[in-house]
Protein chains: 4
Amino acid sequence: MFQSEVKIRIRYAETDQMGYAYYGNYATYYEVARVETLRALGLPYKSMEEEGVMMPVLENHSKYIAPARYDDEITIRVFIKELPNVKIKFAYEFYNESGQLIHTGETLLIFMKNNTRKPCKVPENMLEKLKPFFEKA
Amino acid sequence: MFQSEVKIRIRYAETDQMGYAYYGNYATYYEVARVETLRALGLPYKSMEEEGVMMPVLENHSKYIAPARYDDEITIRVFIKELPNVKIKFAYEFYNESGQLIHTGETLLIFMKNNTRKPCKVPENMLEKLKPFFEKA
Amino acid sequence: MFQSEVKIRIRYAETDQMGYAYYGNYATYYEVARVETLRALGLPYKSMEEEGVMMPVLENHSKYIAPARYDDEITIRVFIKELPNVKIKFAYEFYNESGQLIHTGETLLIFMKNNTRKPCKVPENMLEKLKPFFEKA
Amino acid sequence: MFQSEVKIRIRYAETDQMGYAYYGNYATYYEVARVETLRALGLPYKSMEEEGVMMPVLENHSKYIAPARYDDEITIRVFIKELPNVKIKFAYEFYNESGQLIHTGETLLIFMKNNTRKPCKVPENMLEKLKPFFEKA
């Protein structure tokens, strides 16, 4: 399993009149968490797209346990629990500043050739970076 | 079962550099679909909040089958399949202009008192409006 | 002068914890107003981009007179006060349901070739559509 | 004059199909820049709202010189050029990773009592923090 940690801060733009971070913004937080996770692995998503591979989302699932509020600094734990092949799944846990679990989520993405818009295998360099985290002890 | 239909048009602001409607915007489309569905039932969500009942989201699930693109007019079919009690579930099907099913989703919301932020029962007037759609033939 | 009218409704996603439509969303409302204005003229912006002309924004100016609130239906009056050449300027007035002027704005855009990303002249068909509104009586 | 520097990174959610950061997102970047500037001064905006003072926006002005692109890290220089009284003006300069000035902006905000929604003077503690930057040498 691969695991990382990313921090985000709730922007005023992202609150709603309930005083909570609007539920639709979590998908953006997931994106930031994925991108920073890949960057920490030495795999900037931007380079991947420049090399012709996109990662559109197939499925997204969210559970809202407690609200995030304006200016809260949220710690997102990101998990890749299986080695990717044509698809890759990210799981997320959101913790507020008191360490309370306030949200969980899961996103399934597919690797796709930019030019043909057809599915393809996980890029070799990503696989190489991830493999060590999935080897048996 | 209660069913309705709502149309939205993809804004430029909502596209991303893949040329698709960004996956995080679907939650906003669901919101518009729910609000217009309640309005069609004679239940403006705004009045509900003014009467002290909010509907925060507990769960959200999305499947992306084919992309929506800029300026596409999308028809959203909205379904309430069970009479609500403390929670209410909305299901959505998105169709593009060719009638192709491009997306499905589901949102679970809870009724909550604005002042106490505690769960409460579905407002009586909403229940009354919905009941006829769930009566046996 | 060319003038048109477009209606939008404030989404929950667009409110902030002040209970107002977040100030950054007005640029999106301007976009919707421009696009629907061009559509009414028989000039879908989407087709323009498909024919290789984009309209990036050079300047944007906003004055917030009174807040727009959740679910408000806003009437946007859109003005093109000069025939465009390489640039085009749109002006906007926002009115709430009581007819109160709550916001004004102005956007300057440039016509640009999609492939070269260099400025170009206003497309001929747009000029043709606009000319009658600028002829002397 | 008071001056600070804030960094933001362009999110995928914030790009549009032109491949640029959507013009409407700059207002959100300004917000982040203002909030981090106030935090660096020891004045978290959140505390200000909790103490009953809000800062709604009266005017916003933007000039787009060159596009920001996905994943670009942007340095925002924030300027307060005059001591605030009932209003406060922030100016911004955006620089990309090559040090190129790509954008300038200006926002005028008003201090307002949360309960009455009436204008008020700049909070005393903000004035105290800012004063030293405006004293003559």
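Notes on the structure in this doc start here. Everything numeric here is computed off the predicted structure, so don't read it as measured data.

### Observations regarding the relation of the copies chain B and chain A
Between the two copies of the chain lies a rotation about an axis combined with a shift along it.
Okay, so step 1: Relative to chain A, chain B is turned by 180° and slid 0.0 Å along the rotation axis, the superposed coordinates differing by an RMSD of 0.0 Å. Both copies are brought into coincidence by an operation consistent with a two-fold rotation axis. Measuring from the rotation axis to each C-alpha of chain B, the shortest distance belongs to histidine 61 of chain B, at 2.3 Å.

### A word on the sheet that holds strand S3 (residues 57-64) of chain D
Okay, so step 1: Taken in spatial order, the 10 strands of this open sheet run S1(C)-S4(C)-S5(C)-S6(C)-S3(C)-S3(D)-S6(D)-S5(D)-S4(D)-S1(D), and their pairing is antiparallel. Taken across any chain shown, the strands that pair with only one partner, and hence form the sheet edges, are strand S1 (2-9) of chain C together with strand S1 (2-9) of chain D. Ignoring which end each strand starts from, the neighbouring axes of this sheet average 15° apart.
Okay, so step 2: Alignment of strand S5 (residues 87-95) of chain C against strand S6 (residues 101-110) of chain C, held across nine bridges, turns out to be antiparallel.

### Some details on the interface of chain A and chain D
Okay, so step 1: Taken residue by residue, the interface counts 10 residues in chain A and 10 residues in chain D.
Okay, so step 2: It is helix H1 (residues 26-40) of chain A that contributes the most residues to the side of chain A that touches chain D, three residues altogether.
Okay, so step 3: A per-class count over the side of chain A that touches chain D returns five nonpolar, one polar and four charged.

### Regarding the environment of phenylalanine 79 of chain D
Residues and elements named next belong to chain D.
Okay, so step 1: When you line up the elements, phenylalanine 79 lands in strand S4 (residues 73-80).
Okay, so step 2: Through-space distance from the C-alpha of phenylalanine 79 to that of proline 119 is 23 Å; in sequence the pair is 40 residues apart.
Okay, so step 3: When sequence neighbours within four positions are dropped, the list of residues in contact with phenylalanine 79 reads Met1, Gln3 and Ala91.

### Examining the interface of chain B and chain A
By a widely used convention, the size of an interface equals the accessible area lost when the partners come together.
Okay, so step 1: Contact with chain B, which involves 16 residues of that partner, is made by 16 residues of chain A.
Okay, so step 2: Within the residue set of the side of chain B that touches chain A, elements represented by two or more residues are helix H1 (26-40) and strand S3 (57-64) of chain B.
Okay, so step 3: The leading source of residues in the side of chain B that touches chain A is S3 of chain B, at eight residues.
Okay, so step 4: Here the side of chain B that touches chain A is built from residues that sort into nine nonpolar, five polar and two charged.
Okay, so step 5: Here strand S3 (residues 57-64) of chain A runs beside S3 of chain B; their pairing, made up of five bridges, is antiparallel. Among the inter-strand pairings, glutamate 59 of chain A is bridged to a residue of S3 of chain B, identified as lysine 63 of chain B.

### Regarding the sheet that holds strand S6 (residues 101-110) of chain B
Okay, so step 1: The 10 strands are arranged S1(A)-S4(A)-S5(A)-S6(A)-S3(A)-S3(B)-S6(B)-S5(B)-S4(B)-S1(B) in an open sheet whose pairing can be described as antiparallel. This sheet does not close on itself; its edge strands, each paired only once, are strand S1 (2-9) of chain A together with strand S1 (2-9) of chain B. Within this sheet the neighbouring strands show an average axis-to-axis angle of 15°, counted without direction.
Okay, so step 2: Lying over the sheet, H1 of chain A contacts S1, S3, strand S4 (73-80), strand S5 (87-95) and strand S6 (101-110) of chain A, oriented at roughly 130° with respect to S1 of chain A.
Okay, so step 3: In this fold H1 of chain B packs onto S1, S3, strand S4 (73-80), strand S5 (87-95) and S6 of chain B, with an angle of close to 125° to the strand it touches most, S1 of chain B.

### Concerning the nonpolar core
Okay, so step 1: Ile76 of chain A, Ile76 of chain B, Ile76 of chain C together with Ile76 of chain D are the most contacted members of the largest nonpolar core, which totals 119 residues.
Okay, so step 2: When near neighbours in sequence (up to four residues on either side) are disregarded, isoleucine 76 of chain B contacts Val6, Ile8, Tyr29, Ala33, Tyr92 and Phe94 of chain B.

### Section: helix H1 (residues 26-40) of chain C
Residues and elements named next belong to chain C.
Okay, so step 1: Relative to the 21 Å expected for 15 residues at 1.5 Å per residue, H1 spans 21 Å between its end C-alpha atoms, a close match to the ideal helical length.
Okay, so step 2: For H1, the tally of buried residues reaches 12 of 15 residues, placing the bulk of the element in the interior.
Okay, so step 3: Taken as a whole, H1 has its buried residues at Tyr26, Ala27, Thr28, Tyr29, Tyr30, Glu31, Ala33, Arg34, Val35, Glu36, Thr37 and Leu38.
Okay, so step 4: In the segment just after H1, glycine 42 is the residue with positive phi, at about 85°.

### Overview of the environment of glutamate 97 of chain D
Residue and element names in this part refer to chain D.
Okay, so step 1: You can see glutamate 97 is positioned in the loop between strand S5 (87-95) and strand S6 (101-110).
Okay, so step 2: Taking the C-alpha atoms as reference points, glutamate 97 and glutamate 73, separated by 24 residues in sequence, lie 6.3 Å from one another.
Okay, so step 3: Among residues more than four places away in sequence, those in contact with glutamate 97 are Asp72 and Glu73.

### Overview of unusual backbone geometry
Okay, so step 1: One non-glycine residue, aspartate 71 of chain C, lies in the positive phi region at around 75°.
Okay, so step 2: Note on placement: aspartate 71 of chain C falls in the loop between strand S3 (57-64) and strand S4 (73-80).
Okay, so step 3: A residue is classified by how many C-beta atoms lie within 10 Å of it, and aspartate 71 of chain C, with 17 of them, is partly exposed.
Okay, so step 4: The residue arginine 117 of chain D is not glycine, and still its phi comes out positive at about 55°.
Okay, so step 5: Considering the arrangement of structural elements, one finds arginine 117 of chain D in the loop between strand S7 (112-113) and helix H3 (124-130).
Okay, so step 6: Arginine 117 of chain D gets classed as exposed once you count the C-beta atoms within 10 Å, which come to 12.

Criteria and thresholds
Residues numbered from 1 in each chain as written. Chains lettered and ligands numbered in written order. Predicted model: local features only at pLDDT ≥ 70, side-chain atom pairs only at ≥ 80, totals over all residues. Least-squares fit on C-alpha atoms with pLDDT ≥ 70 in both. Pairing = 2+ DSSP bridges. Helix = DSSP H or I, 4+ residues; strand = E, 2+ residues; numbered from the N terminus. Axes fitted to C-alpha atoms, helices over the stretch in contact; angles between N-to-C directions. Contact = placed C-beta atoms within 7 Å. Nonpolar A, V, L, I, M, F, W, Y, C, P; charged D, E, K, R; others polar. Core = buried A, V, L, I, M, F, W, Y, C linked by C-beta atoms within 7 Å. Buried ≥ 20, exposed ≤ 12 C-beta atoms within 10 Å, placed from the backbone. Expected span 1.5 Å × (residues − 1).

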